[in-house]
Amino acid sequence: MLNIYEIVIGLEVHVELDTQSKMFCPCANRFGATPNTNVCPVCLGLPGSLPVLNEHTLVLALQAALALNCRVNPFSRFARKNYFYPDLPKAYQISQYELPLAGSGCLELFKDGEPARKVNIERLHLEEDAGKLLHDESHAFSHVDYNRCGVPLIEIVTNPDLRSPAETRLFLEALRRMLLYARVSDCKMEEGSLRCDANISLRPHGTKELGQKVEIKNMNSFKAVQRGLEYEVERQAAILNQGGRINQETRRWHEDKGVTSEMRTKEKDHDYRYFPEPDLPPLVVDAALLSKIRSNMPELPEFRYRRFTADYALSHYQAGIIISDPYLADFFEETTKLNNQPQKVANWLLGDVLKLLKQVDTDIETLPFKPSHLAELLMLIDGGKISGRTAKEVLEESFSAGKLPAEIVAEKGLGQISDTNELEQVVDDVLKKNSAAVRDHQEGKKNAFTFLVGSVMKATRGKANPVIVTALLQGKLDGSKQ
Amino acid sequence: MVGLKPTYGLVSRYGLVAFASSLDQIGPLTRDVRDCAIVLDIIAGYDRWDSTSVCREKEHYAAYLGGEVRGFKAALPLEYFGEGIEKPVSDVVMDAVGRCSRLGVELAEVSIPSTVYALPAYYLVATAEASSNLARYDGIQYGLSVRGKASLLALYQDTRKEGFGAEVKRRIMLGTYALSSGYYDAYYLKAMKMRTLIHNDFEKIFKDYDFIVTPTAPTAAFKIGERKDDPLTMYLSDICTISANLTGCPAVSIPCGFVGGMPVGLQVIGRPFDEGRMLQFCYCLEETLGIKGRLVAIAGEEGKEC
């Protein structure tokens, strides 16, 4: 029954900008601080205080606009969005309404390195964040934390171009990647620095007219967005199949129950009484500013992808994973600069490093393990100082503590023995003690040789250079045969 | 009293409890023009904490006082001397203006057709902005907070019902209405357009004239508490002064005579940031009219009744 309908989805995405200070005052923009410590008369909305735009906010918003191929409006305005809520101390949010910072953008979704789908961006505007209510079951009242009040946001509104919950998730992942690349936000949904509301409607396939849309809120992860929308598709389809009508409403997603429920209907919808913010002059973005930002733009993912497959001869698979996180891509490039073996670097990153990252559940940019560490590790392997197996051990140790691999090798005595004289003694000793195996070997038993190599390794606690050991054994055994 | 409303952006609004942000300007209210200039010298200047503050070189206003006024050009707009202005009041102002011409000030009658829009435009813009500016007095963070009932809506309603007076509530309701969806275009947007028209008219006048001279109010000063129950008459008494707020131009009001024992104000509106020459002109007028002595005499008589 579902496939008689076409799904139409549009998104409103809020992204906190990664500035040092807030949008209109010098307070720190920092997540996780003690409640109400990053506040001042301006962000608390005290009488007599006035907003002054943090210019870095504009720079980051413009970087985002350019990354999303938007047309930047040379003249835009701030507007007041009026409503009462305890987390909004001025009882209005400074936002943009009629004249947003940017519009008419788009984001390409890629499949195997090829553009597969284009999602249009209707507008991108600047606004300030509100505070946060903290509900505590043991009290009949709630607390308010104003730390987030005045944190700069961009709101990105897409056209209703998305056609399935899964595609919506892909879009969000691509958007997140793009914004990470544009270096405008850390885009952490779990910390609220990226938030998403969705408008969704169904229409019979082949019709042009849009169905009645419903807004879904409170989806706090990419997975939740997909699940919430999937639920909503089923809900709306069931109503339509029974000949019912979809109400114009806002619904809330309940992650625990896996359902949406009515939040407010059209009749109770806010009238925000927008009007131009008289405390701030119009936002003028002249050609000089725009070209300065354009020339300082960080490299965007598709360019990097192309460069990585061309310059480093990475496979599409390797390049795809490495560029998906700009910090991982940075890590790759910096390591390669120190140790020019792109394939080896990629293999270590995609194998052991990603595995360890997953285990400790952290981001590569916050690790004490740096590109110089990985480069040194590869150097130790190449120089025959440690074996591949020892290298994994050293990596694990270096990973969390950030200690240099060479130091770990020295401290723990993990260095490979490549001294022929030293190894010759051990080999002689092993041959003496294992005359039975030597005989087996001479009779042509293949695993006897492996056993002898293993015995040498055991005697050196795995530190013997296996190539030299093999050569020495070969020489001695061949010699004794003659 | 001498009152000066500086050019919008000359005096920082940081710390000023906002009423109508695009109109609000802090200005001196003083006994005479010299004090007015002295206070302005202190309070004027750029402030980076007010984004509407204008960055320009600081001036020394008191230094303008006593300067020659010969050759200054003043425009007398017909609209400010006719209908709605009490005849005795406009006569007193005209009489004072007549003295200016003897000092060598060139006078000419002009017309500012957009004047009729000033009052409605002002009361739409001002109340709209006030409804937003006064929304923060909601009982959550500071000030009065009436918390008898266990609902957020009741807290808002009871706090604001108890905390605001009748005139404030009237203005909040007017402004909220003007900004409401479906009415915005008809009221707020139209008011902003009227504001532009008035601004253009003023600019045109200031191409040829230094000042616009008008009565400060349609009547002589009224007694304390005399008319507070009649809001419309109160709004109408602003009719002469609000154009200066709407255009952002500076304006000075000085007493220029008396009607029925109460002082009559004369208003001088000038070009943006021309406060220096306006004060120079007003200082000269104040001297010529000998108004300070006459004010002291009246204050003395009133004093006896107390």
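No experiment lies behind these values; they were computed from the predicted model shown.

Peer 1: Just checking my understanding: could you explain the sheet that holds strand β4 (residues 79–82) of chain A for this structure?
Peer 2: Strand pairing in a sheet relies on backbone hydrogen bonds, with the paired strands running either antiparallel or parallel. Residues and elements named next belong to chain A. Pairing in this open sheet of three strands is antiparallel, and the strands run β5-β4-β15 from one edge to the other. Two strands lie at the open edges of the sheet, namely β5 (92–95) and β15 (275–276), each paired on one side alone. By the bridge criterion, four bridges tie β4 to β5 in an arrangement that is antiparallel. The residue bridging R80 from the neighbouring strand is I94, located in β5.

Peer 1: Sorry if this is basic, but what is going on with unusual backbone geometry here?
Peer 2: Most peptide bonds take the trans form, and the phi angle of most residues other than glycine is negative. In the Ramachandran plot, N36 of chain A falls in the positive-phi region, its phi being about 60 degrees despite a non-glycine side chain. Position of N36 of chain A relative to the elements: it lies in the loop between β1 (5–16) and α1 (55–67).

Peer 1: Just to check I follow, could you spell out the sheet that holds strand β6 (residues 251–259) of chain B for this structure?
Peer 2: Residues and elements named next belong to chain B. One open sheet accounts for seven strands, arranged β2-β1-β6-β7-β5-β3-β4; its pairing is mixed. At either margin of the open sheet sits one strand with a lone partner, and together these are β2 (29–30) and β4 (106–110). Looking at chain direction, strand β1 (residues 2–5) and β6 are connected through three bridges and run antiparallel. By the bridge assignment for β6, G3 is matched with S253. Helix-sheet contacts for helix α9 (residues 275–289) involve β1, β5 (211–215), β6 and β7 (262–270), and the interaxial angle to β6 is about 15 degrees.

Peer 1: When you look at the environment of H135 of chain A in this model, what are you seeing that I'm missing?
Peer 2: Within the fold, H135 of chain A resides in strand β8 (residues 132–135). Residue H135 of chain A is classed as exposed on the basis of its relative accessible area, which comes to 59%.

Peer 1: How should I be thinking about the pattern of salt bridges in this particular structure?
Peer 2: Pairing is possible between side chains that carry opposite charge, provided their charged atoms lie close to one another. Residues and elements named next belong to chain A. Counted by the stated rule, this structure contains 38 salt bridges over all chains. Between E128 and K90 there is a salt bridge whose closest N-O contact spans 2.7 Å. With E128 in strand β7 (residues 114–128) and K90 in the loop between β4 and β5, this residue pair connects regions lying 38 residues apart in the sequence. Here E128 matches K90 in class, with each residue buried. Close ionic contact of R304 with E299 constitutes a salt bridge, the shortest N to O distance being 3.2 Å. Accessibility expressed as a relative area gives 6% for R304, which makes it buried. E299 gets classed as partly exposed once you look at its relative accessible area, which sits at 28%. Within this structure, R183, E299, R304, R307, D330 and E333 form a network of salt bridges that share partners.

The rules we used
- Residues numbered from 1 in each chain as written.
- Chains lettered and ligands numbered in written order.
- Predicted model: local features only at pLDDT ≥ 70, side-chain atom pairs only at ≥ 80, totals over all residues.
- Heavy atoms only, no water.
- Pairing = 2+ DSSP bridges.
- Helix = DSSP H or I, 4+ residues; strand = E, 2+ residues; numbered from the N terminus.
- Contact = heavy atoms within 4.5 Å.
- Axes fitted to C-alpha atoms, helices over the stretch in contact; angles between N-to-C directions.
- Buried < 20%, exposed > 50% of the residue type's maximum accessible area, 1.4 Å probe, protein only.
- Salt bridge = Lys/Arg side-chain N within 4 Å of Asp/Glu carboxyl O.

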